[in-house]
Amino acid sequence: QATIQSTTQTPYPDWKAGSPVPYAALCTTFSLIELTTKRLQITAYCSQFLQQVLRLTPDDLLPTVQLMLNKLAADYAGIELGIGESLIMKAIGESSGRSLAVIKDDHRKIGDLGLVAAKSKSKQGQMFKPKPLTVKGVHQGLLEIAKMEGHGSQDQKVKAINKILASADVSSTSKTVDITKDKGGPSEAKFIVRFLEGKLRLGLAERTVIVALAQAVVTYEASKKGKVSSTDQLAKGEAALKTVYSELPSYEVIIPAMLEYGIFNLHESCKLQPGVPLKPMLAKPTKSISEVLDRFEGKDFTCEYKYDGERAQIHYVAPEEQSKFPAAKDNLNKNPMSTKGLAAVFSRNSEDLSKKYPDILEKLNTWIKPETTSFVLDCEAVAWDPKAEKVLPFQQLMTRKRKDVKTQDITVKVCVFAFDFLFYNGEALVNKTLRERRELLHEAFTPVKGEFQFAQYGDTRDIEEIQTLLDESVKASCEGLMVKMLDTEESGYEPSKRSRNWLKVKKDYLSGVGDSIDLVVVGGYYGKGKRTNWYGAFMLACYNSKTQNFETVCNIGTGFSESILEELHDQLQDIVIERPKPFYSHSSVTAHQPDVWFEPKYVWEVKTADLTLSPRYRAAIDEIGQGISLRFPRFIQRRDDKKPEDATTSGAIVEMYKKQEVVNKANAGKGVDD
Ligand code: ATP
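Residues numbered from 1 in each chain as written. Predicted model: local features only at pLDDT ≥ 70, side-chain atom pairs only at ≥ 80, totals over all residues.

- Labelled according to an unreviewed UniProt entry, the chain appears under the name DNA ligase, originating from Lithohypha guttulata.
- The UniProt entry for the chain carries the following text under Sequence similarities (unreviewed entry): "Belongs to the ATP-dependent DNA ligase family." (UniProt positions renumbered as here; feature names shortened; annotations may be inferred.)

Shown next as structure tokens:
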């Protein structure tokens, strides 16, 4: 009920209509959220705060939402803070006049740098009172820090953080923060530091903020007319915002449009368009072809080869169409071949990969038919051996540099395998069926062997034919098949969703749990014997998207060659931290601690024999009561194309575990021969 009431009180004394949103007001809301785990309550707190912003300072709605999301800009802007623990400790020390040794000692005892910052501020005397922080000011300050690069930028960053922290908690510095009682309370310093670390630790998932934003707008609009919004209107508002956001994930575009035209008219001004990458549709794993047949029973589906490369989303606008797509001008690059057309290659995380794939952009025009004037293409960039005329494994592709690649220096060639078409000549295609999208895709391009090809497919329901396709895909160096709904509205493109309408069947699905698992390396063990110079084993964690914690799931010491161990050691020794992050969920038993802890940065793909319950690990403990763990995990490869938050989720691990249990039960009682 709290969510649908409009609020008219001002929660913070210095916040007047038209004046900037005080950062302290946002932190008060954060600290309320921190005290609950109930999603509805969290949504209500957010929504009420956003209503206040709409009523008093609507111009600050965008930075407020961004600070709630721990984001400074859309992903494609490529703005990342990337600030390590040591820099933050230095800034806390300098801004509060405490020595680095004392800060480090506090960190060892308290374990949360946010709380260390809060404590440091509460101990600090103040000669004069700086101006209180505002939401806009903090957002701007952090953005400037993120953009600092090059020689001397580390010192500049410390100074800039120091400056923000010096103005933090101006109104509450006299209070001593009791960090054991109230989690540090609404301390501004605490939330600034947590923002810098990349985790506010509020359990504030993006979908919660989107729901809260929709509720706030609908409720506020109704209250202006003296009305209370109905549940139906709230639901419609949420659905409208979610759909628009999934097709155009840019608060920078959506929020101003929503303020101008209202939430229910958003879809007219905010549409999928070249220049704003959308999050790709993802697939669910399966363990057998019969599972696929059960799922798609009676429906037409298609089996595409599953290429083993890097997901790529290519955007293009021809010169004559540029005026129609303002985002394209800002976010796409000049296409070197056409001299006038705009194009870019985006990753699965919406990062701009154009500097990694200049060869794709240079050749793009030779694949586009003359009548194709704008598009968004979903495809896989795969390493290609031009002599043998076949695809190469993913590892080959990962040896390619990520930035500033010059076409003449490229040794690993790529071939683009196109499998979906999201926008074509001014029209979004996501609501069309896959059959229709595929037809348009084949219409729009001219394939060139070894450069641009359509994903190979077969449309059949026959189990033997599917098995043959699977075998052929493996012979063609693919990972297996992607089986997709072909007709009906279920075959529409679902951005950012791991959907049951796309199933992946990997060649080795019969062994293990049906899929490999992508995990974040959080700890390391010093090697023994031959491995003494490097880490010899590691602790891995999955990602809990609800709590935003990394939950330990196994130790791993198998599958590493000596050269990879050396490479990993070089990478990891730069991100050693003194103690586990407060958002790591791990056993507290001394014997279960790794020798060193790492920042959450790298994702590795591993295989496992099966999943089991274990008191030593924490994966999915909230849901199952005990941690789930991987048995006989084996390292496969680094997944540098994934961020820690893209790691396999605890939810997915639970799904795999339960599926395996069903299979185990079904097999129980069968003889050994079975
Ligand atoms: P996920 O993308 O599911 O998180 P992942 O990146 O580890 O997991 P896989 O599970 O191996 O990848 O499979 C999905 C990926 O397969 C897609 O994201 C895409 O990059 C790739 N892919 C290759 N061929 C196709 C195809 N024909 N259709 C869709 N995706 C394909």
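On we go.
**Observations regarding the pairing of strand β3 (residues 310-317)**
- Most of β3 sits out of view: 7 of its 8 residues are buried.
- Two strands pair when backbone bridges link them, and β3 and strand β6 (residues 374-385) are joined in this way by 8 bridges, in the antiparallel orientation. Opposite Glu 310, over in β6, you have Ala 381 as the bridge partner.
- Two elements, β3 and strand β5 (residues 342-346), share 5 bridges in a ladder whose sense is antiparallel. Bridging from a neighbouring strand, His 315 pairs with Ala 344 of β5. (Buried ≥ 20, exposed ≤ 12 C-beta atoms within 10 Å, placed from the backbone. Helix = DSSP H or I, 4+ residues; strand = E, 2+ residues; numbered from the N terminus. Pairing = 2+ DSSP bridges.)

**Notes on helix α19 (residues 434-444)**
- Along α19, the residues that are buried comprise Leu 434, Arg 437, Arg 438 and Leu 441. When α19 is viewed along its axis, its buried side chains cluster within an angular range of 100 degrees and face the same direction.
- The elements touched by buried residues of α19 are β2 (301-306), β8 (413-424), β10 (452-454) and β12 (480-485). (Arc of directions from axis to C-beta. Contact = placed C-beta atoms within 7 Å.)

**Examining the nonpolar core**
- Within the largest apolar cluster, 152 residues are counted, with the highest numbers of intra-cluster contacts made by Ile 192, Leu 213, Ile 254, Val 414, Val 416 and Ala 418.
- Residues in contact with Ala 418, not counting those within four places in the same chain, are Leu 377, Cys 379, Leu 441, Phe 445, Phe 452, Phe 454 and Ala 455.
- In terms of nonpolar packing, the next biggest core, distinct from the first, is built from 40 residues, Leu 568, Trp 604, Ala 620 and Ile 653 among them. (Core = buried A, V, L, I, M, F, W, Y, C linked by C-beta atoms within 7 Å.)

**Digging into unusual backbone geometry**
- Even without being glycine, Ser 496 reaches a positive phi, approximately 65 degrees.
- Along the chain, Ser 496 falls in the loop between β12 and β13 (498-506).
- Classification of Ser 496 as partly exposed rests on a count of 17 C-beta atoms within 10 Å.
- Non-glycine residue Gln 548 carries a positive phi angle of around 60 degrees.
- Within the secondary structure, Gln 548 sits in the loop between β15 (535-544) and β16 (549-556).

**Overview of the site of the ligand**
- Near the ligand lie 13 residues; those nearest to it are Glu 304, Tyr 307, Arg 311, Phe 419 and Met 482.
- When contributions to the shell around the ligand are tallied by element, the ones reaching two or more residues are β1 (282-285) and β2. (Near = placed C-beta within 6 Å.)

**Focus on the pairing of strand β22 (residues 627-631)**
- Most of β22 is tucked away: 4 of the 5 residues are buried.
- Judged from the 5 bridges that link them, strand β21 (residues 610-614) and β22 form a sheet pairing that is antiparallel. Paired with Ser 614 across the two strands is Gly 627, which belongs to β22.

**Some points on the environment of Gly 557**
- Topologically, Gly 557 is positioned in the loop between β16 and α21 (562-572).
- Note: C-alpha distance between Gly 557 and Phe 635 (78 residues apart in sequence) is 7.9 Å.
- Among all residues touching Gly 557, those that are not within four sequence positions of it are Gly 536 and Ala 537.

**So, the sheet that holds β2**
- Read from one edge of the open sheet, 5 strands run β1-β13-β12-β2-β11, paired in mixed fashion. For this open sheet the edge positions go to β1 and β11 (457-458), each flanked by a neighbour on one side alone.
- Where β2 lies against β11, 2 bridges are found, and the strand directions are antiparallel. Directly across from Glu 304, in β11, lies its bridge partner Tyr 457.
- Sitting on the sheet, helix α20 (residues 463-475) touches β2, β11, β12 and β13, and the angle it makes with β12 is about 130 degrees. (Axes fitted to C-alpha atoms, helices over the stretch in contact; angles between N-to-C directions.)

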